[in-house]
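A closer look at the structure
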Amino acid sequence: MNCTRCKLKAVMKLPRHNAAFCKACFNDFTHDQVGRAIRSESMFAKGDRILVAVSGGKDSLALWHILLTLGYPADALYVNLGIPGYSERSQEKVSRYAESVAVPLGATLHFHTVEKEEGAGIRELAQLVHRPTCSTCGTIKRYQFNRAAIEHEYDVMATGHNLDDEAARLLGNVLHWQTEYLDKQGPSLPASVDGFAKKVKPLYRLTERELAAYCVLNKIDYIVDECPMAQGARTLLYKDVLNRLETESPGTKQYFYWGFLDKQRKKEPGHAAMAEKDQTMLHPCSTCGQPTTADVCSYCKLIARAKNEVSR
Ligand code: AMP
Ligand code: FES
Ligand code: ZN
(Lines give C-alpha, C1' and ligand atoms only; values in the text may rest on other atoms or scores of the structure.)
(Ligands and ions follow the chains in the order given, each with its own letter.)
Protein backbone atom coordinates (compact mmCIF):
# COMPACT_ATOMS: atom_id res chain seq x y z
CA MET A 1 0.00 0.00 0.00
CA ASN A 2 1.50 3.33 -1.10
CA CYS A 3 0.75 6.89 -0.04
CA THR A 4 -1.97 8.44 -2.22
CA ARG A 5 -0.09 11.74 -2.30
CA CYS A 6 3.65 11.02 -2.54
CA LYS A 7 3.70 7.28 -3.44
CA LEU A 8 6.08 6.39 -0.57
CA LYS A 9 5.13 3.48 1.71
CA ALA A 10 1.82 4.28 3.47
CA VAL A 11 1.42 3.78 7.24
CA MET A 12 -2.26 4.62 7.57
CA LYS A 13 -5.34 3.78 5.49
CA LEU A 14 -8.26 6.24 5.49
CA PRO A 15 -11.22 4.46 3.88
CA ARG A 16 -13.56 7.44 4.46
CA HIS A 17 -11.30 9.56 2.20
CA ASN A 18 -10.47 6.68 -0.10
CA ALA A 19 -6.81 7.35 0.68
CA ALA A 20 -3.67 6.02 2.39
CA PHE A 21 -0.85 8.18 3.74
CA CYS A 22 2.80 7.97 4.76
CA LYS A 23 3.70 9.61 8.10
CA ALA A 24 4.52 13.06 6.64
CA CYS A 25 1.39 13.18 4.43
CA PHE A 26 -0.78 11.89 7.29
CA ASN A 27 0.52 14.71 9.53
CA ASP A 28 -0.20 17.22 6.73
CA PHE A 29 -3.70 15.78 6.34
CA THR A 30 -4.36 16.03 10.12
CA HIS A 31 -3.06 19.60 10.37
CA ASP A 32 -5.06 20.56 7.29
CA GLN A 33 -8.29 19.15 8.79
CA VAL A 34 -7.75 21.17 11.99
CA GLY A 35 -6.87 24.30 10.00
CA ARG A 36 -10.09 23.90 7.96
CA ALA A 37 -12.14 23.46 11.14
CA ILE A 38 -10.63 26.62 12.68
CA ARG A 39 -11.24 28.71 9.56
CA SER A 40 -14.64 27.42 8.48
CA GLU A 41 -16.13 27.81 11.97
CA SER A 42 -14.26 31.07 12.75
CA MET A 43 -12.89 29.49 15.92
CA PHE A 44 -9.94 31.81 16.57
CA ALA A 45 -7.21 33.85 14.90
CA LYS A 46 -3.43 33.85 15.35
CA GLY A 47 -3.33 36.53 18.07
CA ASP A 48 -6.11 35.04 20.23
CA ARG A 49 -5.39 33.58 23.67
CA ILE A 50 -6.40 29.90 23.60
CA LEU A 51 -6.91 27.57 26.55
CA VAL A 52 -7.08 23.83 25.75
CA ALA A 53 -8.73 21.48 28.25
CA VAL A 54 -6.29 18.57 28.36
CA SER A 55 -7.33 15.29 30.01
CA GLY A 56 -4.25 13.14 29.28
CA GLY A 57 -6.19 11.20 26.61
CA LYS A 58 -5.19 11.04 22.94
CA ASP A 59 -7.59 13.67 21.62
CA SER A 60 -6.79 16.60 23.87
CA LEU A 61 -3.02 15.94 23.92
CA ALA A 62 -3.10 15.70 20.10
CA LEU A 63 -5.07 18.96 20.00
CA TRP A 64 -2.55 20.80 22.17
CA HIS A 65 0.29 19.42 20.02
CA ILE A 66 -1.39 20.33 16.72
CA LEU A 67 -2.19 23.89 17.83
CA LEU A 68 1.39 24.45 19.01
CA THR A 69 2.71 22.93 15.76
CA LEU A 70 0.45 25.22 13.70
CA GLY A 71 1.93 28.20 15.59
CA TYR A 72 -0.96 28.97 17.96
CA PRO A 73 0.48 29.79 21.40
CA ALA A 74 -2.08 27.64 23.27
CA ASP A 75 -2.02 27.10 27.05
CA ALA A 76 -3.75 24.17 28.77
CA LEU A 77 -5.86 23.29 31.79
CA TYR A 78 -5.85 19.88 33.48
CA VAL A 79 -8.62 19.06 35.95
CA ASN A 80 -7.64 16.38 38.48
CA LEU A 81 -10.98 14.71 39.27
CA GLY A 82 -9.67 12.63 42.19
CA ILE A 83 -10.43 9.23 40.61
CA PRO A 84 -8.04 6.87 42.46
CA GLY A 85 -5.27 5.59 40.18
CA TYR A 86 -6.74 7.02 36.97
CA SER A 87 -6.31 10.71 37.85
CA GLU A 88 -2.68 10.28 38.97
CA ARG A 89 -1.82 8.47 35.74
CA SER A 90 -3.57 10.95 33.48
CA GLN A 91 -2.03 13.94 35.28
CA GLU A 92 1.39 12.37 34.80
CA LYS A 93 0.82 12.09 31.02
CA VAL A 94 -0.22 15.74 30.79
CA SER A 95 2.68 16.96 32.97
CA ARG A 96 5.21 14.94 30.98
CA TYR A 97 3.97 16.34 27.68
CA ALA A 98 3.97 19.88 29.08
CA GLU A 99 7.52 19.59 30.47
CA SER A 100 8.99 17.95 27.39
CA VAL A 101 7.23 19.84 24.58
CA ALA A 102 4.76 22.59 25.49
CA VAL A 103 6.54 24.58 28.22
CA PRO A 104 9.82 24.80 26.23
CA LEU A 105 7.65 26.33 23.44
CA GLY A 106 6.44 28.99 25.89
CA ALA A 107 3.06 27.43 26.87
CA THR A 108 1.62 27.30 30.40
CA LEU A 109 -0.20 24.37 32.04
CA HIS A 110 -2.85 25.27 34.65
CA PHE A 111 -4.15 22.77 37.20
CA HIS A 112 -7.42 22.44 39.04
CA THR A 113 -7.62 19.72 41.70
CA VAL A 114 -11.18 18.77 42.64
CA GLU A 115 -10.23 17.23 46.02
CA LYS A 116 -8.42 20.43 46.99
CA GLU A 117 -10.95 22.97 45.69
CA GLU A 118 -14.29 21.16 46.11
CA GLY A 119 -13.27 19.19 49.24
CA ALA A 120 -13.65 15.67 47.83
CA GLY A 121 -13.09 13.70 44.61
CA ILE A 122 -15.96 13.36 42.10
CA ARG A 123 -16.94 9.85 43.24
CA GLU A 124 -17.47 11.02 46.81
CA LEU A 125 -19.21 14.23 45.69
CA ALA A 126 -21.57 12.20 43.48
CA GLN A 127 -22.42 9.88 46.37
CA LEU A 128 -23.11 12.84 48.65
CA VAL A 129 -25.56 14.44 46.20
CA HIS A 130 -27.05 11.10 45.04
CA ARG A 131 -26.27 11.70 41.39
CA PRO A 132 -24.42 9.56 38.82
CA THR A 133 -20.66 10.15 38.89
CA CYS A 134 -20.50 11.10 35.20
CA SER A 135 -23.10 13.85 35.46
CA THR A 136 -21.48 15.27 38.63
CA CYS A 137 -18.16 15.15 36.81
CA GLY A 138 -19.67 16.91 33.77
CA THR A 139 -21.07 19.74 35.90
CA ILE A 140 -17.72 20.30 37.63
CA LYS A 141 -15.67 20.11 34.44
CA ARG A 142 -17.90 22.45 32.44
CA TYR A 143 -17.89 24.95 35.32
CA GLN A 144 -14.14 24.83 35.93
CA PHE A 145 -13.26 24.99 32.21
CA ASN A 146 -15.33 28.14 31.85
CA ARG A 147 -14.10 29.67 35.11
CA ALA A 148 -10.44 29.14 34.21
CA ALA A 149 -10.95 30.67 30.77
CA ILE A 150 -12.71 33.73 32.19
CA GLU A 151 -10.40 34.25 35.19
CA HIS A 152 -7.23 33.98 33.11
CA GLU A 153 -8.77 36.09 30.33
CA TYR A 154 -8.53 33.60 27.47
CA ASP A 155 -10.43 34.45 24.28
CA VAL A 156 -11.47 30.88 23.68
CA MET A 157 -11.68 27.50 25.37
CA ALA A 158 -10.91 24.44 23.20
CA THR A 159 -11.76 20.80 23.93
CA GLY A 160 -10.62 17.61 22.20
CA HIS A 161 -14.06 16.37 21.10
CA ASN A 162 -13.60 14.45 17.84
CA LEU A 163 -15.89 13.28 15.02
CA ASP A 164 -16.80 10.07 16.88
CA ASP A 165 -17.77 12.06 20.03
CA GLU A 166 -19.89 14.53 18.10
CA ALA A 167 -21.59 11.92 15.88
CA ALA A 168 -22.40 9.76 18.94
CA ARG A 169 -23.79 12.76 20.78
CA LEU A 170 -25.89 13.72 17.77
CA LEU A 171 -27.21 10.17 17.50
CA GLY A 172 -28.20 10.25 21.20
CA ASN A 173 -29.91 13.63 20.82
CA VAL A 174 -31.78 12.52 17.69
CA LEU A 175 -32.84 9.17 19.17
CA HIS A 176 -34.42 11.02 22.09
CA TRP A 177 -35.48 14.03 20.00
CA GLN A 178 -33.69 16.38 22.37
CA THR A 179 -34.06 19.25 19.93
CA GLU A 180 -33.11 21.86 22.53
CA TYR A 181 -29.62 20.29 22.69
CA LEU A 182 -29.24 20.18 18.90
CA ASP A 183 -28.87 23.97 18.70
CA LYS A 184 -25.82 23.83 20.98
CA GLN A 185 -24.15 20.92 19.21
CA GLY A 186 -22.00 22.92 16.82
CA PRO A 187 -18.18 22.94 17.00
CA SER A 188 -18.04 26.68 17.77
CA LEU A 189 -20.21 28.29 20.44
CA PRO A 190 -19.75 32.04 20.79
CA ALA A 191 -19.54 33.75 24.19
CA SER A 192 -23.21 34.69 24.21
CA VAL A 193 -23.11 36.61 27.52
CA ASP A 194 -20.50 38.14 29.82
CA GLY A 195 -19.01 35.41 31.99
CA PHE A 196 -19.26 32.69 29.35
CA ALA A 197 -16.13 31.87 27.34
CA LYS A 198 -16.33 31.03 23.65
CA LYS A 199 -16.07 27.22 23.26
CA VAL A 200 -14.63 25.39 20.26
CA LYS A 201 -13.94 21.82 19.11
CA PRO A 202 -11.18 21.98 16.48
CA LEU A 203 -10.97 18.16 16.11
CA TYR A 204 -14.53 17.64 14.87
CA ARG A 205 -13.27 16.66 11.40
CA LEU A 206 -11.00 13.86 12.71
CA THR A 207 -11.90 10.42 14.03
CA GLU A 208 -10.76 8.71 17.21
CA ARG A 209 -8.73 6.21 15.17
CA GLU A 210 -6.96 9.00 13.27
CA LEU A 211 -6.10 10.85 16.49
CA ALA A 212 -4.74 7.69 18.11
CA ALA A 213 -2.57 7.15 15.02
CA TYR A 214 -1.41 10.79 15.15
CA CYS A 215 -0.27 10.34 18.76
CA VAL A 216 1.55 7.08 18.06
CA LEU A 217 3.29 8.44 14.94
CA ASN A 218 4.34 11.62 16.75
CA LYS A 219 5.36 9.84 19.99
CA ILE A 220 2.77 11.59 22.14
CA ASP A 221 2.32 9.41 25.22
CA TYR A 222 -1.34 9.37 26.35
CA ILE A 223 -3.52 7.44 28.80
CA VAL A 224 -5.07 4.62 26.80
CA ASP A 225 -7.71 3.45 29.32
CA GLU A 226 -11.16 5.02 29.32
CA CYS A 227 -12.22 6.64 32.58
CA PRO A 228 -13.30 3.73 34.86
CA MET A 229 -16.60 5.55 35.55
CA ALA A 230 -17.48 5.66 31.85
CA GLN A 231 -17.80 1.89 31.40
CA GLY A 232 -21.22 0.98 30.07
CA ALA A 233 -22.06 4.61 29.25
CA ARG A 234 -24.60 5.11 26.46
CA THR A 235 -22.12 7.09 24.38
CA LEU A 236 -19.91 4.00 24.09
CA LEU A 237 -22.85 2.05 22.67
CA TYR A 238 -23.62 4.79 20.14
CA LYS A 239 -19.96 4.91 19.11
CA ASP A 240 -19.92 1.16 18.62
CA VAL A 241 -23.04 1.27 16.43
CA LEU A 242 -21.60 4.11 14.34
CA ASN A 243 -18.31 2.24 13.96
CA ARG A 244 -20.15 -0.79 12.62
CA LEU A 245 -21.95 1.40 10.09
CA GLU A 246 -18.64 3.05 9.19
CA THR A 247 -17.00 -0.33 8.49
CA GLU A 248 -19.83 -1.28 6.14
CA SER A 249 -20.04 2.11 4.57
CA PRO A 250 -16.97 4.38 5.03
CA GLY A 251 -17.86 8.04 5.51
CA THR A 252 -21.12 7.43 7.42
CA LYS A 253 -19.97 9.33 10.51
CA GLN A 254 -18.88 12.40 8.63
CA TYR A 255 -22.00 12.45 6.39
CA PHE A 256 -24.13 12.22 9.51
CA TYR A 257 -22.43 14.95 11.57
CA TRP A 258 -21.24 17.29 8.82
CA GLY A 259 -24.62 16.96 7.09
CA PHE A 260 -26.26 18.04 10.33
CA LEU A 261 -23.89 21.05 10.55
CA ASP A 262 -24.72 22.07 6.97
CA LYS A 263 -28.42 22.04 7.78
CA GLN A 264 -27.82 24.01 10.99
CA ARG A 265 -25.82 26.67 9.11
CA LYS A 266 -28.71 27.18 6.70
CA LYS A 267 -31.07 27.60 9.63
CA GLU A 268 -30.33 31.30 10.07
CA PRO A 269 -30.22 33.38 12.21
CA GLY A 270 -28.65 30.52 14.23
CA HIS A 271 -26.02 31.89 16.61
CA ALA A 272 -27.48 35.40 16.71
CA ALA A 273 -30.85 34.03 17.84
CA MET A 274 -29.17 31.79 20.40
CA ALA A 275 -27.18 34.70 21.84
CA GLU A 276 -30.36 36.78 22.08
CA LYS A 277 -32.14 33.93 23.87
CA ASP A 278 -29.19 33.47 26.25
CA GLN A 279 -29.13 37.18 27.04
CA THR A 280 -32.76 37.10 28.17
CA MET A 281 -32.50 33.78 30.03
CA LEU A 282 -29.11 34.06 31.74
CA HIS A 283 -28.06 36.17 34.71
CA PRO A 284 -25.24 35.95 37.29
CA CYS A 285 -25.46 33.13 39.88
CA SER A 286 -26.20 34.70 43.27
CA THR A 287 -23.37 32.68 44.85
CA CYS A 288 -20.51 32.74 42.32
CA GLY A 289 -21.53 35.19 39.60
CA GLN A 290 -21.25 32.77 36.64
CA PRO A 291 -24.16 32.93 34.16
CA THR A 292 -27.12 30.66 34.95
CA THR A 293 -30.83 30.37 34.19
CA ALA A 294 -31.66 29.72 37.87
CA ASP A 295 -30.99 31.85 40.94
CA VAL A 296 -28.07 29.62 41.94
CA CYS A 297 -26.05 27.77 39.25
CA SER A 298 -25.96 23.97 39.10
CA TYR A 299 -22.33 23.89 40.29
CA CYS A 300 -23.01 26.00 43.42
CA LYS A 301 -26.14 23.91 44.14
CA LEU A 302 -24.09 20.72 43.89
CA ILE A 303 -21.37 22.00 46.23
CA ALA A 304 -23.94 23.35 48.73
CA ARG A 305 -25.79 20.00 48.76
CA ALA A 306 -22.56 18.08 49.30
CA LYS A 307 -21.54 20.36 52.19
CA ASN A 308 -24.99 20.01 53.68
CA GLU A 309 -24.74 16.20 53.61
CA VAL A 310 -21.30 16.28 55.27
CA SER A 311 -22.51 18.49 58.14
CA ARG A 312 -25.66 16.38 58.81
P1 AMP B 1 -14.80 13.61 27.69
O2 AMP B 1 -15.96 14.37 28.20
O3 AMP B 1 -14.07 12.83 28.74
O4 AMP B 1 -15.08 12.85 26.44
O5 AMP B 1 -13.73 14.72 27.27
C6 AMP B 1 -14.00 15.64 26.26
C7 AMP B 1 -12.94 16.72 26.30
O8 AMP B 1 -13.00 17.42 27.55
C9 AMP B 1 -11.51 16.20 26.21
O10 AMP B 1 -11.10 16.03 24.89
C11 AMP B 1 -10.75 17.31 26.91
O12 AMP B 1 -10.56 18.41 26.03
C13 AMP B 1 -11.70 17.74 28.00
N14 AMP B 1 -11.45 17.04 29.29
C15 AMP B 1 -12.01 15.91 29.74
N16 AMP B 1 -11.57 15.59 30.96
C17 AMP B 1 -10.68 16.56 31.32
C18 AMP B 1 -9.88 16.82 32.47
N19 AMP B 1 -9.90 16.01 33.52
N20 AMP B 1 -9.10 17.92 32.48
C21 AMP B 1 -9.09 18.76 31.42
N22 AMP B 1 -9.82 18.57 30.30
C23 AMP B 1 -10.61 17.50 30.24
FE1 FES C 1 -15.83 12.21 34.45
FE2 FES C 1 -15.03 9.84 34.10
S3 FES C 1 -14.17 11.59 33.30
S4 FES C 1 -16.62 10.47 35.34
ZN1 ZN D 1 -22.68 29.57 41.02
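Here we summarise the structure given alongside this text. (Residues numbered from 1 in each chain as written. Chains lettered and ligands numbered in written order. Predicted model: local features only at pLDDT ≥ 70, side-chain atom pairs only at ≥ 80, totals over all residues. Heavy atoms only, no water.)

A few words on helix 10 (residues 234-248). Given a rise of 1.5 Å per residue, 15 residues ought to cover 21 Å, and the 22 Å separating the end C-alpha atoms of helix 10 matches this to within 8%. Residues Tyr238, Lys239, Leu242 and Glu246 constitute the buried set of helix 10. The arc that holds every buried residue of helix 10, seen down its axis, measures 100°, which confines them to one face. The outward face of helix 10, more than 90 degrees from its buried face, is lined by the exposed residues Arg244, Thr247 and Glu248. Elements in contact with the buried residues of helix 10: helix 7 (163-175), helix 9 (208-217) and helix 11 (252-266). (Helix = DSSP H or I, 4+ residues; strand = E, 2+ residues; numbered from the N terminus. Expected span 1.5 Å × (residues − 1). Buried < 20%, exposed > 50% of the residue type's maximum accessible area, 1.4 Å probe, protein only. Arc of directions from axis to C-beta. Contact = heavy atoms within 4.5 Å.)

Before going further, it helps to spend a moment on the environment of His65. Here His65 is to be found in helix 2 (residues 58-69). Taking C-alpha positions, His65 is 7.7 Å from Ala102, a pair spaced 37 residues apart along the chain. With residues near it in sequence (within four places) discarded, His65 still touches Tyr97, Val101, Tyr214, Asn218 and Ile220.

All right, on to a nonpolar patch on the surface then. A cluster of nonpolar side chains, contributed by Leu237, Val241 and Leu245, occupies part of the molecular surface with about 230 Å² of accessible area. The residue Leu237 is located in helix 10 in this model. (Patch = residues over 30% accessible without salt bridge, like charges linked within 9 Å, V, L, I, M, F, W, Y side chains within 5 Å. Areas by Shrake-Rupley, 256 points an atom, 1.4 Å probe, with all protein chains shown as cover. Salt bridge = Lys/Arg side-chain N within 4 Å of Asp/Glu carboxyl O.)

Attention now moves to the pattern of salt bridges. One pass over the structure, following the stated rule, counts 14 salt bridges. Here Asp221 and Lys93 are joined by a salt bridge, their closest N and O atoms 3.1 Å apart. Taken together, the positions of Asp221 in the loop between helix 9 and helix 10 and Lys93 in helix 3 (residues 86-102) put the pair 128 residues apart, joining distant regions of the chain. By relative accessible area, which is 45% here, Asp221 ends up partly exposed. Within this structure, Glu41, Asp262 and Arg265 form a network of salt bridges that share partners.

It is at 9 Å that the axes of helix 6 (residues 133-151) and helix 13 (residues 298-311) come closest, and there the two elements cross at 125°. Comparing their axes, helix 13 and helix 6 come out oblique. Seen along the crossing, helix 6 lies across helix 13 with a hand that is left-handed. Contact residues: Thr136, Thr139, Ile140, Tyr143 and Gln144 in helix 6; Ser298, Tyr299 and Leu302 in helix 13. Counted by class, the contact of helix 6 with helix 13 contains four nonpolar, four polar and no charged residues. (Axes fitted to C-alpha atoms, helices over the stretch in contact; angles between N-to-C directions. Parallel < 35°, antiparallel > 145°, perpendicular 65-115°, else oblique. Left-handed = near helix turned anticlockwise from the far one by under 90°. Nonpolar A, V, L, I, M, F, W, Y, C, P; charged D, E, K, R; others polar.)

In total, this model carries zero disulfides according to the counting rule given. Left unpaired, Cys6 is separated from the closest cysteine sulfur, that of Cys22, by 3.7 Å. (Disulfide = S-S within 2.5 Å.)

This brings us to the coordination of the zinc ion (ligand 3). Binding of the zinc ion (ligand 3) to the protein goes through Cys285 (SG), Cys288 (SG), Cys297 (SG) and Cys300 (SG), at separations of 2.3 Å. The site at the zinc ion (ligand 3) holds four donor atoms, and with the angles between them running 104 to 115°, its shape is tetrahedral. Summarised as a motif, the one-chain spacing of the donors to the zinc ion (ligand 3) is C-x2-C-x8-C-x2-C. You can see Cys288 sitting in the loop between strand 9 (283-284) and strand 10 (291-292) and its partner Cys300 sitting in helix 13, a full twelve residues away along the chain. (Donors = N, O, S within 2.8 Å, 3.2 Å for Na, K, Ca; no water. Tetrahedral: all angles 85-135°; square planar, octahedral: opposite > 155°, others 65-115°.)

Moving on, we come to the sheet that holds strand 3 (residues 50-53). Strand order in the open sheet formed by six strands is 5-4-3-6-8-7, with mixed pairing between adjacent strands. This sheet does not close on itself; its edge strands, each paired only once, are strand 5 (109-113) and strand 7 (188-189). Where strand 3 and strand 6 (residues 156-158) come together, three bridges link them in parallel fashion. Bridging from a neighbouring strand, Val52 pairs with Ala158 of strand 6. Taken strand by strand, helix 2 contacts strand 3, strand 4 (75-80), strand 5 and strand 6, and its axis lies near 155° from that of strand 3. (Pairing = 2+ DSSP bridges.)

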